[in-house]
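# Understanding the architecture of this molecule
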Amino acid sequence: MSTLQFMGRGELVPRLIAQLGGNKEFAYALLKKRGDMNADGTLTAKGEKRNQMTAEERAFDRAGETPHTHTYNPETNRVEKN
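Residues numbered from 1 in each chain as written. Predicted model: local features only at pLDDT ≥ 70, side-chain atom pairs only at ≥ 80, totals over all residues. Heavy atoms only, no water.

Judged by nonpolar contacts, Leu12, Val13, Leu16, Ile17, Ala27, Leu31 and Met37 together constitute the single largest core of 7 residues. When residues of this core are traced back to their parent elements, those giving at least two are helix H1 (12-19) and helix H2 (24-34). Residues in contact with Ala27, not counting those within four places in the same chain, are Leu16, Ile17 and Leu20. Grouped together as the second largest cluster of nonpolar side chains are 5 residues, Ala55, Ala59, Phe60 and Tyr72 included. (Core = buried A, V, L, I, M, F, W, Y, C linked by side-chain atoms within 4.5 Å. Buried < 20%, exposed > 50% of the residue type's maximum accessible area, 1.4 Å probe, protein only. Helix = DSSP H or I, 4+ residues; strand = E, 2+ residues; numbered from the N terminus. Contact = heavy atoms within 4.5 Å.)

Okay, here's the thing in structure tokens:
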């Protein structure tokens, strides 16, 4: 399943499910473990904040880098030093 179709805002959950080969249960468990999802399946405040980011913005956030020094690679969903 391609994750390139889930690049926009509001696609945190569908993108993670796609990255995990369609395994919705594992995606939910991972989001709960990270503190992004409540036990009832709703997003926490932290999860809602990340859900409002694009895949690119989340990658920069994870890396602690900026677009001035790094470039986002949508194929790997990572940022790479310029």
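It is the contact of H1 with H2, at a shortest axis distance of 8 Å, that shows an interaxial angle of 120°. The angle between H1 and H2 falls in the class oblique. For the pair H1 and H2, the crossing hand works out as right-handed. Along the contact surface, H1 presents Leu12, Val13, Leu16 and Ile17, while H2 presents Lys24, Ala27, Tyr28, Leu30, Leu31 and Arg34. A breakdown of the residues in the contact of H1 with H2 according to their chemical character gives 8 nonpolar, no polar and 2 charged. (Axes fitted to C-alpha atoms, helices over the stretch in contact; angles between N-to-C directions. Parallel < 35°, antiparallel > 145°, perpendicular 65-115°, else oblique. Left-handed = near helix turned anticlockwise from the far one by under 90°. Nonpolar A, V, L, I, M, F, W, Y, C, P; charged D, E, K, R; others polar.)

What follows concerns the pairing of strand E2 (residues 78-81). Two elements, strand E1 (residues 70-73) and E2, share 4 bridges in a ladder whose sense is antiparallel. Its bridge partner being in E2, Thr71 is matched across the sheet by Glu80. A loop of 4 residues connects E1 with E2, the two strands running antiparallel in sequence, and Asn77 in this loop sits at a positive phi of about 60°. (Pairing = 2+ DSSP bridges.)

We now examine helix H4 (residues 55-63). Those residues of H4 lying buried are Ala55, Arg58, Ala59 and Phe60. Two residues or fewer past H4, Gly64 is found with a positive phi of approximately 70°.

Our focus in this paragraph is the environment of Ser2. Mapped onto the secondary structure, Ser2 falls in the segment before H1. On the basis of relative accessibility, which here comes to 41%, the residue Ser2 falls in the partly exposed class.

Within the fold, Arg15 resides in helix H1. Although Arg15 is buried, it forms no salt bridge, and the closest oppositely charged side chain is Glu11 at an N-O distance of 7.6 Å. In contact with Arg15, other than residues within four places in its own chain, are Thr3, Leu4, Phe6, Met7, Ala55, Arg58, Tyr72, Pro74 and Asn77. (Lys, Arg positive; Asp, Glu negative; His and termini not counted. Salt bridge = Lys/Arg side-chain N within 4 Å of Asp/Glu carboxyl O.)

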